[in-house]
Amino acid sequence: MTKFAQVGRKIGIFAVIAMGLGAASGVGLQKLFFRKVSAVVSVEIAQIKPAQGADISSCELRPIDSAAEIITQMESADFAQLIASRTGVPSLASSLPALRFGGDGDLRVRERTRESLFQIRAKADTPQAALAAVRAAADLLIEDHDQKLQEARQILRDAEDRAQADYQETARLYNQVNERLSESINSTNPGDLAKTSMLEMLRRDLAVNMTKSKRAYEDARVEFRRSELKPTRLLTVPQVEFSLLGSPLRMAGVGALVGLLVTVIYATVIGASVRDETTEV
């Protein structure tokens, strides 16, 4: 067997060993560090635009909860327990909460390009569990915000009811006072022009104020009708993320490729050494 044949055989054996070790290492790394599968969904958070005069602080279209409130709520241990109960996967109760809540941080909620857009990502041992977790998280958030929107609608209805009650009370008082003024005018001596003029002036002023009160109430009704409430909704369909590092087969291929590259380097070094020996001889 020639020198080059021996070197070729040695390189072949080295290649088999290096690629085998590389593939095994890739699978081992995947099982150790990248075994969990991720699922993701994007949502638009519920927004409120209260009417002018309603008992809500802002009249601008704004998210129903702040970003910090949403993230804290969804990454908490209590929220993870709800997801575990809904999906029937008990392990999610301990793996989903953020590290600061004593979990593994497998549920992550991040704000997107604007404050009303969020991305929810959940990791689990299987694609089915990850998908179920992220769906449950989105559903629970939607249900919570739907309840808050119902409360906001009730606030608006109550405010409108109060405006209506105030107007009706004003109208009742107006009718009483106007009736008494009419009686006083009718019972006044026709020759007492000063008193008659004063009473007529009071009645006109009262009518003007009543007209203003009615207009204010009607304007309030219009404003209440313009109140805008947008529910939380899904922007994307929940889907599993298949990454290169998340697949044992892909990681085995990557490891084998690394082994092949090491073999090429080894062959280059050995080949150069053999050529040098041949040249010297």
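Conventions used here
Residues numbered from 1 in each chain as written. Predicted model: local features only at pLDDT ≥ 70, side-chain atom pairs only at ≥ 80, totals over all residues. Heavy atoms only, no water. Helix = DSSP H or I, 4+ residues; strand = E, 2+ residues; numbered from the N terminus. Buried < 20%, exposed > 50% of the residue type's maximum accessible area, 1.4 Å probe, protein only. Contact = heavy atoms within 4.5 Å. Areas by Shrake-Rupley, 256 points an atom, 1.4 Å probe, with all protein chains shown as cover. Core = buried A, V, L, I, M, F, W, Y, C linked by side-chain atoms within 4.5 Å. pLDDT = per-residue confidence, 0-100. Arc of directions from axis to C-beta. Salt bridge = Lys/Arg side-chain N within 4 Å of Asp/Glu carboxyl O. Patch = residues over 30% accessible without salt bridge, like charges linked within 9 Å, V, L, I, M, F, W, Y side chains within 5 Å. Polar contact = N/O pair within 3.5 Å; in protein donor to acceptor, adjacent residues only side chain to side chain. Pairing = 2+ DSSP bridges.

*Asks:* Help me get a handle on the overall build of the chain, residues and values and all.
*Replies:* The number of helices and strands found in the chain is seven helices and eight strands. Among the 281 residues that make up the chain, the fraction classed as buried is 35%. Within the chain, counting contacts between residues at least 6 apart in sequence, those at least 24 apart form 72% of the total. As displayed, the chain offers around 16900 Å² of accessible surface, 57% of which is attributable to carbon and sulfur atoms.

*Asks:* An account of the nonpolar core is needed here, citing residue identities and associated values.
*Replies:* Counting residues in each nonpolar core, the largest one holds 39 residues, and the members touching the most others are Met74, Ile83, Leu96, Leu107, Phe118 and Ile120. Contributing elements (two or more residues each) for this core: strand E1 (37-44), helix H2 (67-74), helix H3 (77-87), strand E4 (107-111), strand E5 (117-124) and helix H5 (127-187). Excluding residues that lie within four positions of it along the chain, Ile120 makes contacts with Ala39, Val40, Val41, Val43, Met74, Leu107, Arg108, Val134, Ala137 and Ala138. Tyr167, Ala171, Tyr174 and Tyr217 belong to the second largest nonpolar core, which has six residues in total.

*Asks:* Pulling in residues and values, what's your account of the confidence of the model for the chain?
*Replies:* Averaged over the chain, the pLDDT score is 77; the fraction of residues at 70 or greater is 68%. Considering only residues more than four positions removed or in separate chains, one finds that residues 52-59, a stretch of pLDDT under 50, has 19 contacts.

*Asks:* Describe H2, with residues and values.
*Replies:* For H2, the full list of buried residues reads Ala67, Ile70, Ile71 and Met74. One face of H2 carries all of its buried residues, which in axial projection span an arc of 95 degrees.

*Asks:* Can you lay out the pattern of salt bridges for me, pointing to particular residues and giving the numbers?
*Replies:* Evaluated as defined, the whole model comprises seven salt bridges. Residue Asp144 pairs with Lys148 through a salt bridge whose shortest N-O separation is 3.5 Å. Of this pair, Asp144 and Lys148 both sit in helix H5, four residues apart, roughly one helical turn. Looking at Asp144, the relative accessible area reads 23%, which means it is partly exposed.

*Asks:* Give me a nonpolar patch on the surface: which residues, what numbers.
*Replies:* On the surface, a nonpolar cluster with roughly 350 Å² of combined accessible area is contributed by Leu257, Leu260, Leu261 and Val264. Structurally, the position occupied by Val264 is in helix H7 (residues 248-280).

*Asks:* Explain the side chain of Asp65 to me, using residue names and the numbers behind them.
*Replies:* Note that Asp65 resides in the loop between strand E3 (62-63) and H2. Look at Asp65 and you get buried, because its relative accessible area is 11%. Within the local environment of Asp65, its side chain forms a polar contact with the side chain of His145, the two groups lying 3.2 Å apart.

*Asks:* Describe the pairing of E1, listing the residues and the values that go with them.
*Replies:* In terms of residue burial, E1 counts as a mostly covered element, since eight of its eight residues are buried. Alternating residues of E1 divide into Val37, Ala39, Val41 and Val43 and Ser38, Val40, Ser42 and Glu44, and every residue in both groups is buried. By the bridge criterion, eight bridges tie E1 to E5 in an arrangement that is antiparallel. Along E5, the bridge assignment pairs Val40 with Arg121. Inspection of the sheet shows E1 paired to strand E8 (residues 239-241) by three bridges, in the antiparallel sense. When the bridges of E8 are listed, Ala39 appears paired with Val240.

*Asks:* So what about H3? Which residues, and what values?
*Replies:* Within H3, burial applies to Phe79, Ala80, Ile83 and Ala84. Buried residues of H3, viewed axially, fall in a sector of 140 degrees; they line one side. In H3, those exposed residues whose orientation departs by more than 90 degrees from the buried face are Asp78 and Ser85. Gly88 sits one or two residues past H3 and shows a positive phi near 75 degrees.

*Asks:* Describe the side chain of Ser95, and please don't skip the residues or the numbers.
*Replies:* Structurally, Ser95 can be placed in helix H4 (residues 92-95). Ser95 gets classed as buried once you look at its relative accessible area, which sits at 8%. Setting aside residues up to four positions removed in sequence, Ser95 forms contacts with Lys36, Gly103, Asp104, Gly105 and Asp106.

*Asks:* Go over the environment of Tyr217 with me, naming the residues and quoting the values.
*Replies:* Here Tyr217 shows up in helix H6 (residues 193-225). For the pair Tyr217 and Ala163, spaced 54 residues apart in sequence, the C-alpha separation works out to 6.3 Å. Here Tyr217 is in contact with Ala163, Gln164 and Tyr167, once residues within four sequence places are set aside.

*Asks:* Describe the environment of Ala46, with residues and values.
*Replies:* Note that Ala46 resides in the loop between E1 and strand E2 (47-49). Ala46 sits 186 residues away from Thr232 along the chain, and the two C-alpha atoms are 4.1 Å apart.

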